[in-house]
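# Per-entry structural report
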Amino acid sequence: MNFFKRLFSWKKKPSKIEDEQEDEIVDSDDNKIDKKESKKLKKIAEPEPEPEPEPEPEPEPEPEPEPEPEPEPEPEPEPEPEPEPEPEPEPEKKKKVGFFKRLFKKTDKENLDKSLEKTSKSFFDKIKKAVVGKTKVDVQVLDDLEEILITSDVGVKTTIKIIESIEERVAKDKYTNAQELDVILKEEIGNIIYDDKKEDFNINDKPYVILVVGVNGVGKTTSIGKLAKFFKSQGLSVLIGAADTFRAAAIEQLEEWSGRAEVDLIKQKMGSDPASVSFDTLNSAINKDYDVVIIDTAGRLHNKVNLMNELSKISRVMQKLKQEAPHEILLVLDGSTGQNAYEQAKQFSEVTKVTSMMVTKLDGTAKGGVVIGISDQLNIPIKYIGTGESIDDIELFDKVDFVESFFQNKSK
Ligand SMILES: Nc1nc2c(ncn2[C@@H]2O[C@H](COP(=O)(O)OP(=O)(O)O)[C@@H](O)[C@H]2O)c(=O)[nH]1
Ligand SMILES: [Mg+2]
């Protein structure tokens, strides 16, 4: 059928886009990473079996006694200068009891509507054109709709899913009024967005550790500032760890945000080991009884092995202090990059176990449809969205609110 052919021709396009984007994802400063560092990280490449069920509170001050199965006689660079202070004798055991906090933030509808305005307007302008003069949802309308969804960054697979379910409905109803297309669409999109809300906004252990990952420029540092202020507004104490040690500016910028949020920060000097900063931060949080720890990282996706090693080392080192850490690996994505954000989400979930996502910069873009595809395809909850550059421009992701705002133009 004509309709299916169209699907194929569309399928091709994004794969081309994907190829291009592989390159785009690489952020330029990262090319500077030197061989020494990459070798250092290689040393701890293996994923670690960690069979540690022993509840024994033995303090272990040693730095990384990794078994090294690689026979390659690598000329070692200088031994890791991991300045780990001795782990405290597990004070967390006692505090764990009964700590539970449900996070709550009423959606600022006006702000959300405003953020999604461009996305919504562009989407419905196209829908209007597709159904003008039409009475019935026919093959042509579906064909156009498919194109609209794809050009709105919903993504090919999710678009096919939506089109197929609408096709089924149309086949069942025999006659579906084209003017009702938006109503049907709203329902289908609502069904498709992954939303496991009950689980999402709970903090049930302390300190609750969030490791923030994502490529340069997506809005990690800004989002950490927003999150810190949000958690604080929920009555939680927050400690931030500046583990993006790649650029001095990154540490300074994070300090500014921690100042704005009026929360504390742990840092070391530029170039220091991110795992060591993370260890220090968690150690301090345990000693001083903080509720939430947020760790900033440098997102160098150009070398997946390096990144994987760096992130797993951060986790491993923190687990010496607290076995459950990090409780959450939050991937930040720039929504205004459309399909590129989707690609990053896919790639990051290959590198580390992403447990939640924040999509930023939904304000000022018409590519907000990417949220639909990402949440459908990855089965990882989008927990937060960024709706501007200020500290309060953050919303908890709520599927119903999102769909409402996405469809705000439908009745106009
Ligand atoms: N419009 C808009 N800009 C944002 C948002 N989040 C971050 N930014 C901007 O994105 C740029 C990069 O942010 P930054 O936090 O430094 O990204 P990082 O490199 O991932 O840490 C900055 O100019 C931020 O102001 C958002 O939700 N909306
Ligand atoms: Mg940053």
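Residues numbered from 1 in each chain as written. Chains lettered and ligands numbered in written order. Predicted model: local features only at pLDDT ≥ 70, side-chain atom pairs only at ≥ 80, totals over all residues. Heavy atoms only, no water.

The strand order across the open sheet formed by eight strands is E5-E4-E6-E3-E7-E8-E9-E10, and the pairing between neighbours is mixed. Single-partner strands in this sheet number two, and they are strand E5 (264-266) and strand E10 (394-396). Averaged over all neighbouring strand pairs, the angle between strand axes comes to 25°, with direction disregarded. Bridge count for strand E9 (residues 382-386) against E10 is three bridges, and the pairing is antiparallel. Residue Ile385 lies in a different strand from E10, and its bridge partner there is Glu395. Packed on one face of the sheet, helix H11 (residues 248-261) meets strand E4 (238-243), E5 and strand E6 (292-297) and runs near 170° to E4. Docked against the sheet, helix H14 (residues 339-351) engages strand E3 (208-213), strand E7 (328-334) and strand E8 (356-360), running at close to 155° with respect to E7. (Pairing = 2+ DSSP bridges. Helix = DSSP H or I, 4+ residues; strand = E, 2+ residues; numbered from the N terminus. Axes fitted to C-alpha atoms, helices over the stretch in contact; angles between N-to-C directions. Contact = heavy atoms within 4.5 Å.)

Our focus in this paragraph is the nonpolar core. One finds Leu185, Phe231, Ile294, Met357, Ile374, Tyr384 and Phe402 to be the most contacted residues of the largest nonpolar core, which totals 106 residues. When neighbours within four sequence positions are excluded, Leu185 is seen to be in contact with Phe123, Ile127, Leu145, Leu149, Ile162, Ile166 and Phe407. (Core = buried A, V, L, I, M, F, W, Y, C linked by side-chain atoms within 4.5 Å. Buried < 20%, exposed > 50% of the residue type's maximum accessible area, 1.4 Å probe, protein only.)

When the terminal C-alpha atoms of H11 are compared, their 20 Å separation across 14 residues agrees well with the 20 Å that a helix rising 1.5 Å per residue should span. All buried positions along H11 are accounted for by Ala250, Ile251, Leu254, Trp257, Ser258 and Ala261. Down the axis of H11, the buried side of the element spans an arc of 125°, and every buried residue falls inside it. If you follow the buried residues of H11, they end up packed against helix H10 (220-233), E4, E5 and E6. Backbone geometry just after H11 places Glu262 at a positive phi near 55°. (Expected span 1.5 Å × (residues − 1). Arc of directions from axis to C-beta.)

Moving on: helix H16 (residues 399-406). Of the residues making up H16, those classed as buried are Asp401, Phe402, Val403, Ser405 and Phe406. On its buried face, H16 sits against helix H4 (109-115), helix H5 (117-131), helix H8 (181-192) and helix H15 (370-378). Where H16 begins, the side chain of Asp398 points an oxygen toward the backbone nitrogen of Val400, at a separation of 2.9 Å. (Polar contact = N/O pair within 3.5 Å; in protein donor to acceptor, adjacent residues only side chain to side chain.)

Where helix H7 (residues 156-173) meets H8, the axes come as close as 10 Å, and the angle between the chain directions of the two elements is 130°. Classed by the angle they form, the pair H7 and H8 counts as oblique. Considering only the axes of H7 and H8, their crossing is right-handed. Of the residues in H8, those touching H7 at Thr158, Lys161, Ile162, Ser165, Ile166 and Arg169 are Ile184, Leu185, Glu187, Glu188, Ile189 and Ile192. Residues that form the contact of H7 with H8 fall into these classes: six nonpolar, two polar and four charged. (Parallel < 35°, antiparallel > 145°, perpendicular 65-115°, else oblique. Left-handed = near helix turned anticlockwise from the far one by under 90°. Nonpolar A, V, L, I, M, F, W, Y, C, P; charged D, E, K, R; others polar.)

On to unusual backbone geometry, then. Residue Pro207 is bonded to the preceding Lys206 through a cis peptide linkage, with omega at -5°. Residue position: Pro207 is located in the loop between strand E2 (202-203) and E3. Each neighbour pair has its own omega, and for Ala325 with Pro326 the value is -10°, a cis peptide bond. Residue placement: Pro326 occurs in the loop between helix H13 (304-319) and E7.

With the rule as written, the count across this model stands at ten aromatic pairs. With a centroid separation of 6.5 Å and an interplanar angle of 70°, the aromatic rings of Phe230 and Tyr384 are classed as edge-to-face. Linking Phe230 in helix H10 with Tyr384 in strand E9, this pair joins segments that are 154 residues apart in sequence. An identical accessibility class is assigned to Phe230 and Tyr384; each is buried. Pairwise contacts between aromatic rings join Phe123, Phe124, Phe397, Phe402, Phe406 and Phe407 into one cluster. One Lys or Arg, Arg260, reaches over the ring of Trp257 and ends 4.3 Å from the middle of that ring. (Phe/Tyr/Trp six-rings, centres within 6.5 Å; stacked < 30°, edge-to-face > 60°. Lys NZ or Arg CZ within 6 Å of the ring centre and 35° of its normal.)

Looking at where Ser115 falls in the secondary structure, it is placed in helix H4. Here Ser115 falls in the buried class, since its relative accessible area comes to 2%.

Near ligand 1 there are 17 residues, and of these Gly217, Lys220, Thr222, Asp363 and Glu389 occur at the shortest range. At a separation of 3.3 Å, an oxygen atom of ligand 1 approaches a polar backbone atom of Val218. In the environment of ligand 1, an oxygen atom lies 3.0 Å from a nitrogen or oxygen atom belonging to the backbone of Gly219. When ligand 1 sits alone it has 580 Å² of accessible area, and the protein chains cover 80% of it. Partitioned by chemical class, the residues of the shell around ligand 1 number two nonpolar, ten polar and five charged. (Near = heavy atom within 4 Å. Areas by Shrake-Rupley, 256 points an atom, 1.4 Å probe, with all protein chains shown as cover.)

Averaged over every residue, the pLDDT of the protein is 81; residues scoring 70 or more account for 75%. For residues 1-79, every residue scores under 50 in pLDDT, and the model assigns this stretch 106 contacts once sequence neighbours within four places are set aside. Taken as a whole, residues 91-96 scores under 50 in pLDDT and shows ten contacts with residues more than four places along the chain or in a different chain. (pLDDT = per-residue confidence, 0-100.)

Attention now goes to the pattern of salt bridges. Note on pairing: side chains with opposite charge can pair once their charged atoms come close. For the structure shown, the criterion picks out 23 salt bridges. Lys367 is paired through a salt bridge with Asp153; the nearest N and O atoms lie 3.9 Å apart. A residue pair is termed long-range when its members are at least 10 positions apart, and Lys367 in the loop between E8 and H15 and Asp153 in the loop between helix H6 (139-151) and H7 qualify at 214 residues. Residue Asp153 is classed as buried on the basis of its relative accessible area of 8%. With a shortest N-O distance of 3.0 Å, Glu255 and Lys267 are connected by a salt bridge. Of this pair, Glu255 sits in helix H11 while Lys267 sits in the loop between E5 and helix H12 (274-287), placing them twelve residues apart in sequence. Each member of the salt-bridge network shares a partner with another, and the members are Arg169, Glu187 and Glu188. (Salt bridge = Lys/Arg side-chain N within 4 Å of Asp/Glu carboxyl O.)

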